[in-house]
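# Coordinate analysis (summary)
Chain by chain, the residues run as shown.
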Amino acid sequence: MAAPNPTRFSLAMERTGQWVFSPEIPSDAIVAVGEAKFSLHKFILVAKSNYIRKVIMESEESDLTRIDLSNIPGGEEAFEKAAKFCYGVNFEITVHNVAALHCAATFLQMTDEYCDGNLAGRTEDFLSQVGLSTLPSAVAVLNSCRNILPFAADINVVDRCVDVVSSKACGEANFPSQSPPNWWTEELAVLDVDSLAKVLAAMRQRGARYLTIAGALITYAERALRELVRDQTGGGRGIRSPKSGDSDSESRRAEQRELLQAIMPLFPREKAAFPINFLCCLLRCAIYLRASSACKRELEKRVTEILEHVTVDDLLVLTFSYDGERLLDLDSVRRIVSGFVEREKSTTVFNAGVNFSEDFSAAMQRVAKTVDAYLAEIAAYAELSISKLNGIAILIPKGARKSDDDLYRAVDIYLKVHPNLDEIEKEKVCSVMDPLKLSYEARVHASKNKRLPLQIVLHALYYDQLQLRSGTPEDRKAVAAERNQLQADVSLVRENEELRTELVKMKMYISDLQKNAHGTSSSGRENLGPTKRPTFFSSMSKKLSKLNPFKNGSKDTSHIDDAPADLTKPRRRRFSIS
């Protein structure tokens, strides 16, 4: 048979020409593997492969020249190495290609039963001695099996890898041999989701704790969704909006969405398995990627179960987009808070048998304080509507708040950012706040706050009177003390203003008196001998008495003489209207 034209050689033929044993012997078979074609010699292939021998023997053609191996596991790369083995050409077996080579050798029936020292035996020895000897190598072998499924699973390569990986991961989790202790989670993070699921299931069967499983999933999510999950501060400036329309970005987002939805079923059922900040970041990721409703509800449920540990920053993670410049979603926060309140209500009623509106757990009080502080943070955004602000605020029972100071701060910030609200809208904003639960400092601030509706200011001013009527004797004493302090402050301000006015008036009166009575005073002193110099109070009293228009039935005071000074203590007069 004449050799094919070299100009028609495929790349596979050109590569084959570099290692074929005897170029002077014309090839008598073309092996097709997909689009690649290899020009080879049948007698060399048959010497190692029982499968090719059967194909040639069972062929109806007397001289078979074309063999189709498109279904060989590992594709053309695996077959090329198997062919090199048949020709005695050396090549390197590694943890990255041993699974494909072993599957190809098994498919071609290149076993030791057919020929001593065959390829299947070589790859099996490498798997046992090298590929499955350490955790990193076993992970690499398992990871390489993703492209040769289901054949790799059928010949038990996948199960062997999963067993080794799970065993060594459990050992490292209990007795770390390297630093940091969780280094093994980074090794598992390179696996695909299906392989990871098999490894985690095997680890559970070996008795791995749920915190161990959770640690592996956290590392996996942070690596697979790196720019979405690890950015917990809202500062992901490089993340574009899902409306960008970029095909590459949309394709990447679709892959991330599928991955997120695939790892959710792997989460341990225990509610304390994951920290709440991780769950909040994952929920924001689900919102951003537009994950399924089931995925988002599951994350919201897990956040609800441990909401007593939430911080303001955790809630803000759910609220803002990755650029931190716009509100992303408040519905999730509302559902989470609502679910937590309902759960607390059920727990309180059925376990303690008390009225939920009167007795609140410490967890409920912590959540109430956190939500109020959260509202104060988001109130500064102009796009926040009154309905959304009130919708979250009213979820917290009023009795769960020891003080409404944080809520008042949120209301004040909202009114400051939205100066164009009318009186009715202001009253709607303030309706979530109880003025009777403000502290003394907050009441003083509210009484002077021009942004508040008049009704709220009046409530703050009449707080003491209402408390005195409904409080206990101890409460009355405390409230009375605060009331007295508030009244003293107000009275002092008023008295200072009144005294200032009186002083101005007295200065005017004295100035007029000195001008009008200057002549009369001078003539009276000329008829008197040397006398004791009058004091300021006595002279002031005399001058004021001269202004009396009703003395002696006449307004004329020219006939009045200066009398000796009265030595008795003069009456103290206070120049005040009160």
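Small disclaimer: the values here were computed from a predicted structure and weren't measured.

### Thoughts on the overall build of the protein
Assigned secondary structure in the protein consists of 28 helices and three strands. Going through the 578 residues of the protein one by one, you find that 40% of them count as buried. Within the protein, counting contacts between residues at least 6 apart in sequence, those at least 24 apart form 71% of the total. Accessible surface computed for the protein: about 32,900 Å², of which carbon and sulfur atoms make up 52%.

### Considerations on helix α9 (residues 157-174)
Counted at 1.5 Å a residue, the expected span for α9 with its 18 residues is 26 Å, and the 26 Å between its end C-alpha atoms agrees. Considered for burial, the residues of α9 that qualify are Val 157, Val 158, Cys 161, Val 162, Val 164, Val 165, Ser 166, Ala 169, Cys 170 and Glu 172. Its buried side turned inward, α9 meets α5 (98-107), α7 (135-144), α8 (151-154), α10 (183-188) and α11 (193-205).

### Thoughts on a negative patch on the surface
There is a patch of like negative charges on the surface, built from Asp 112, Glu 113, Asp 116 and Asp 125. When you line up the elements, Glu 113 lands in the loop between α5 and α6 (119-131).

### Quick notes on the confidence of the model for the protein
Considering every residue of the protein, the mean pLDDT works out to 79; 73% of them sit at 70 or more. Taken together, the stretch residues 1-10 has pLDDT below 50 and engages in eight contacts with residues farther than four places along the chain or on a different chain. Across residues 231-238, confidence stays below pLDDT 50; counting only partners more than four residues off in sequence or on other chains, it has 18 contacts.

### Brief notes about the packing of α6 against α7
One can describe the packing of α6 onto α7 by two numbers: an axis separation of 10 Å at closest approach and a directional angle of 140°. Between α6 and α7, the crossing angle belongs to the class labelled oblique. Contacts between α6 and α7 involve Leu 127, Val 130 and Gly 131 on the former and, on the latter, Ser 137, Ala 138 and Val 141. Looking at the contact of α6 with α7 residue by residue, the class counts come to four nonpolar, two polar and no charged.

### Things to note about the environment of Phe 38
Of note, Phe 38 is situated in strand β2 (residues 36-40). A residue is classified by how much of its surface remains accessible, and Phe 38, at 0% relative accessible area, is buried.

### Some details on the nonpolar core
In terms of nonpolar packing, the biggest core is built from 148 residues, with Phe 79, Leu 188, Leu 260, Leu 282 and Leu 375 touching the most fellow members. Ranked by the residues each element gives to this core, the list is headed by helix α15 (residues 276-289), at 12 residues. For Phe 79, the contacting residues outside a window of four places in its chain are Val 31, Val 33, Phe 38, Leu 40, Leu 69, Ile 72 and Leu 108.

### A word on the pattern of salt bridges
Where charged atoms of side chains with opposite charge meet at close range, the side chains can pair. Here the structure, examined in full by the defined rule, presents 12 salt bridges. The salt bridge involving Glu 300 is made with Arg 335; its shortest N-O contact spans 2.8 Å. With a gap of 35 residues between them, Glu 300 in helix α16 (residues 293-305) and Arg 335 in helix α18 (residues 331-352) connect regions that are remote in the sequence. Under the relative-accessibility criterion, Arg 335 is labelled partly exposed at 27%. Between Lys 369 and Asp 406 there is a salt bridge whose closest N-O contact spans 3.2 Å. With Lys 369 in helix α19 (residues 362-378) and Asp 406 in helix α21 (residues 405-417), this pair connects stretches of sequence that are 37 residues apart. With relative accessibility at 54%, the residue Lys 369 sits in the exposed group.

### Describing the side chain of Thr 212
Counting through the fold element by element, Thr 212 comes out in helix α12 (residues 210-224). For Thr 212, a relative accessible area of 10% corresponds to the buried category. Those residues in contact with Thr 212 that sit more than four places away from it in its chain are Ala 173, Trp 184 and Met 203.

### Digging into the pairing of β2
Buried residues dominate β2, accounting for four of its five residues. Where strand β1 (residues 29-33) and β2 come together, five bridges link them in antiparallel fashion. Paired with Ala 32 across the strands is Lys 37, a residue of β2. The antiparallel hairpin formed by β1 and β2 contains two residues in its connecting segment, where Gly 34 sits at a positive phi of about 70°.

### Some words on the pairing of β1
Consecutive side chains of a regular strand alternate in pointing toward one face of the sheet and then the other. With four of five residues buried, β1 is to be regarded as a mostly interior element. Bridging between β1 and strand β3 (residues 66-68) involves three bridges; their strand directions are parallel. Note that in β3 the partner of Ala 32 across the bridge is Asp 68.

### Quick word on the packing of α5 against α6
At a minimum axis distance of 8 Å, the contact between α5 and α6 shows a crossing angle of 150°. The two elements α5 and α6 cross, and the hand of that crossing is left-handed. For the pair formed by α5 and α6, the contact residues are Val 98, Leu 101, His 102 and Ala 105 on the first element and Leu 119, Ala 120, Thr 123, Glu 124, Phe 126 and Leu 127 on the second. Here the contact of α5 with α6 is composed, by residue class, of seven nonpolar, two polar and one charged.

Calculation notes
- Residues numbered from 1 in each chain as written.
- Predicted model: local features only at pLDDT ≥ 70, side-chain atom pairs only at ≥ 80, totals over all residues.
- Heavy atoms only, no water.
- Helix = DSSP H or I, 4+ residues; strand = E, 2+ residues; numbered from the N terminus.
- Buried < 20%, exposed > 50% of the residue type's maximum accessible area, 1.4 Å probe, protein only.
- Contact = heavy atoms within 4.5 Å.
- Areas by Shrake-Rupley, 256 points an atom, 1.4 Å probe, with all protein chains shown as cover.
- Expected span 1.5 Å × (residues − 1).
- Patch = residues over 30% accessible without salt bridge, like charges linked within 9 Å, V, L, I, M, F, W, Y side chains within 5 Å.
- Salt bridge = Lys/Arg side-chain N within 4 Å of Asp/Glu carboxyl O.
- Lys, Arg positive; Asp, Glu negative; His and termini not counted.
- Charge placed at Lys NZ, Arg CZ, Asp CG, Glu CD.
- pLDDT = per-residue confidence, 0-100.
- Axes fitted to C-alpha atoms, helices over the stretch in contact; angles between N-to-C directions.
- Parallel < 35°, antiparallel > 145°, perpendicular 65-115°, else oblique.
- Nonpolar A, V, L, I, M, F, W, Y, C, P; charged D, E, K, R; others polar.
- Core = buried A, V, L, I, M, F, W, Y, C linked by side-chain atoms within 4.5 Å.
- Pairing = 2+ DSSP bridges.
- Left-handed = near helix turned anticlockwise from the far one by under 90°.

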